[in-house]
Amino acid sequence: MSYMERRLEDRLDSRRLVDGAESVLCVALRYHPLAGEPSVEGDLWPYVARYARGLDYHHVMKGQLDRLAERIETVYPGAPLRSYVDTGPILERELAEMAGMGAVGKNTNLLHPEGGSWLLLGELFLTLDLDTDPAVSDLCGSCTQCLEACPTGALPEPYRLDSRRCISYWTIEHRGAIPMDTRSILGRWVFGCDICQEVCPFNESPAQADHPEMRLPPERDKIDLVSLLLISREDYVAAFRGSPMKRAKQLGLQRNAAIAMGNSRNSQYLPALDAALHSHQQILRSHAAWAIGQIGGLQATDSLERRISEEEDASVLSELRLALATCRESELSKPPND
C-alpha cells in the first residue's frame, strides 16, 4: 500500500488540508448488526466482509455528512469546512480516538465501549474552535481473543497488523497474482475478513444499526462462487454497481473466487474451474490451475493435462504443471482400497 507514503506531511498535520482548520468533527456509522437483516447463506456472501455487502459506505456517509455540513453552515455561515470519508490523506482512526469516539483495540480497529468495532469513520474539518471530548482509555485489558483467532497470524502482537498475512489486504488491495504460499492462508474469504471483529467481546451484543442500504441487495444475493468466477464484464458492471467490492476489480474478485474454490477442496467446482482455464486472462487461468490442483482427483488431472497441451503462456504452464504434480502426489498418498 505504497499510497500511504504519499502526502505524508498532510497525514501527520491535518491542518494542511483545510486553510484555517481549528478542529475536526468525527463521526461513525455502525453497519452491523443491521435491524431485521436475515443471515446470509451460500458459498460466497458469508465470506465477504459485512461492510461490503450493500451500498458503498462512501456514498452512504458522504450524503449524511453533507447534510450535517449544511446544518453547520446555517448556524455559522461562511465558515469553511471540508468532509472526508476515507478519501484523503487522513489518519481517521487516530483522529477518532483523539475525539473520544473510542480506543484502538489490539486488532487495530477503533473500539467503542457500546458500539463495538463495527464502525465506519468520517470527518468534517472545521474552522470553528470546538471543545474537545475526553479520550477513551484502553478497553482491551488482558483480552487477546482477536490475536488468537486470526487464522493467518496477521496480528503478531497487540496493536500491530502485518498486512503481508492479512486476508483483507490480499483479497482487496493486492493487484495481480497472489503468491502461491499465500493462497492457502486466505481460506474461503473472497473480499475482506471479519474474524478479529467477530470474536471481540464488545461485539457480542452491540445496539442494532438502522441502515438498510448496507444490506445485501436481492439481485446481488443471487451471485455465488461459480457465477462470480465466470461472470461477464457486462454482468459484473450491472451486479456490482455502487458496491465497495469494486475496489478489488473484476479480475481480483474472480481470482479470489478461484482460490476460495481451491481451499474448499470441493470437486463440484471443477467444471467451473475448467472453464476458467480457457479465460483470456492469464491470472485467472493460473489461479484456476492452482485451485484444480488443490481439489485433486482424476477429473482434475484430466482437466490439467488437456490444458497443458493447449497453453502457450509460460507462467500459466508452470502453474499447470505444478498443479498436475500436486494432483498426482495426492493420488499416490491415498491409502489403497481394501
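Structure shown above.
Residues numbered from 1 in each chain as written. Predicted model: local features only at pLDDT ≥ 70, side-chain atom pairs only at ≥ 80, totals over all residues. Heavy atoms only, no water.

1. Some thoughts on helix H11 (residues 249–264)
Its 16 residues give H11 an end-to-end C-alpha distance of 23 Å, which sits within 8% of 22 Å, the value for a rise of 1.5 Å per residue. Most of H11 is tucked away: 13 of the 16 residues are buried. Just downstream of H11 lies arginine 265, where phi reads positive at about 60°. (Helix = DSSP H or I, 4+ residues; strand = E, 2+ residues; numbered from the N terminus. Expected span 1.5 Å × (residues − 1). Buried < 20%, exposed > 50% of the residue type's maximum accessible area, 1.4 Å probe, protein only.)

2. As for the packing of aromatic side chains
By convention here, two paired aromatic rings are described through the distance between centres and the angle between planes. A complete count under the given rule lists eight aromatic pairs for this structure. Pairing tyrosine 31 with tyrosine 51 gives two aromatic rings, centres 6.4 Å apart and planes at 80°, and the pair type is edge-to-face. Of this pair, tyrosine 31 sits in the loop between strand S1 (23–30) and helix H2 (57–75) while tyrosine 51 is found in the loop between S1 and H2, placing the two residues 20 residues apart along the sequence. Like tyrosine 51, tyrosine 31 is buried. Geometrically, the ring pair formed by tyrosine 51 and tyrosine 57 is edge-to-face, given 5.8 Å between the ring centres and 80° between the ring planes. On the basis of relative accessible area, tyrosine 57 is assigned to the buried category, the value being 10%. Aromatic rings pair up to connect Tyr31, Tyr51, Tyr57, Trp118 and Phe191 into one cluster. (Phe/Tyr/Trp six-rings, centres within 6.5 Å; stacked < 30°, edge-to-face > 60°.)

3. What about a negative patch on the surface?
The grouping of Glu22, Asp129, Asp131 and Asp133 at the surface amounts to a negative patch. Structurally, glutamate 22 is set in the loop between helix H1 (8–12) and S1. In this structure glutamate 22 comes out as exposed when scored by relative accessible area, which is 52%. (Patch = residues over 30% accessible without salt bridge, like charges linked within 9 Å, V, L, I, M, F, W, Y side chains within 5 Å. Areas by Shrake-Rupley, 256 points an atom, 1.4 Å probe, with all protein chains shown as cover. Salt bridge = Lys/Arg side-chain N within 4 Å of Asp/Glu carboxyl O. Lys, Arg positive; Asp, Glu negative; His and termini not counted. Charge placed at Lys NZ, Arg CZ, Asp CG, Glu CD.)

4. Concerning unusual backbone geometry
Put simply, histidine 32 and proline 33 share a cis peptide bond, and its omega is 0°. A positive phi is found at threonine 108, a non-glycine position, where the angle reads about 75°. Positionally, threonine 108 belongs in the loop between strand S3 (103–104) and strand S4 (110–111). One non-glycine residue with positive phi stands out, namely tyrosine 159, at about 70°. Tracing the sequence through the fold places tyrosine 159 in the loop between helix H4 (145–149) and helix H5 (167–173).

5. Brief notes about the pattern of salt bridges
Here the structure, examined in full by the defined rule, presents 13 salt bridges. One salt bridge connects glutamate 94 with arginine 93, and the closest N-O pair in it is separated by 2.7 Å. Take glutamate 94: its relative accessible area is 27%, and that puts it in the partly exposed class. Put simply, Arg285, Arg307, Glu310 and Glu311 are held in one network by salt bridges that share partners.

6. Quick word on the sheet that holds strand S5 (residues 119–126)
An order of S1-S5-S2 is seen for the three strands of this open sheet, with the pairing classed as antiparallel. Unpaired on one side and paired on the other, S1 and strand S2 (81–84) mark the two borders of the sheet. With direction set aside, neighbouring strand axes in the sheet form an average angle of 20°. In terms of strand pairing, S1 meets S5 through eight bridges, oriented antiparallel. Bridge pairing in S5 links cysteine 26 to glutamate 123. Sheet strands touched by H2: S1, S2 and S5. Its angle to S5, the strand with the most contacts, is close to 35°. (Pairing = 2+ DSSP bridges. Axes fitted to C-alpha atoms, helices over the stretch in contact; angles between N-to-C directions. Contact = heavy atoms within 4.5 Å.)

On their own, these measurements won't tell you what the molecule is for.
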